[in-house]
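Secondary and tertiary structure notes
Residues per chain, in single letters:
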Amino acid sequence: MKTLFQHCPKRSENVAWRTIVDKALLVNPKDSFIYPLNTVATRIWELMDGKTSTGDIIKRLCEEFEQEEDAIQEDTMEFLEELKKANLIEF
């Protein structure tokens, strides 16, 4: 897991997405499945620019949201794994 901290996740260019208020909707063009994201997941999605490391994303989330770092780290890693499995991001 430590090595993932150095990787820089990037949103897949094929994914259509839109933020409405503070929540995003992602659409996978391959299967037209819609992924609704909550506020924190939306912020993670926005930070995945291919230049910001996973560790830096987690640090930013800790600064922006009042949660324990361990919880944010665990949730972020889990979320990234789900996005990777759905082919919505690249590393």
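What comes next is a walk through the structure. In this text, all values refer to a predicted model and were calculated from it rather than measured experimentally.

Per the counting criterion, the structure on display carries 0 disulfides. Cys8 takes part in no disulfide bond, and the closest cysteine sulfur to it belongs to Cys62, at a distance of 17 Å. Note on Cys8: relative accessible area 25%, which makes it partly exposed.

Taken together, the 3 strands give an open sheet; going across it, the order is β2-β3-β4, and neighbouring strands pair in antiparallel fashion. Of all strands in the sheet, those with a lone pairing partner are β2 (16-20) and β4 (33-36), marking the two edges. Neighbour-to-neighbour, the strand axes of this sheet turn through a mean angle of 20°, independent of strand direction. Bridge count for β2 against strand β3 (residues 23-28) is 5 bridges, and the pairing is antiparallel. Counterpart to Ala16 in the pairing with β3 is Val27. Sitting on the sheet, helix α1 (residues 39-47) touches β2 and β3, and the angle it makes with β3 is about 65°.

The rules behind these values
Residues numbered from 1 in each chain as written. Predicted model: local features only at pLDDT ≥ 70, side-chain atom pairs only at ≥ 80, totals over all residues. Heavy atoms only, no water. Disulfide = S-S within 2.5 Å. Buried < 20%, exposed > 50% of the residue type's maximum accessible area, 1.4 Å probe, protein only. Pairing = 2+ DSSP bridges. Helix = DSSP H or I, 4+ residues; strand = E, 2+ residues; numbered from the N terminus. Axes fitted to C-alpha atoms, helices over the stretch in contact; angles between N-to-C directions. Contact = heavy atoms within 4.5 Å.

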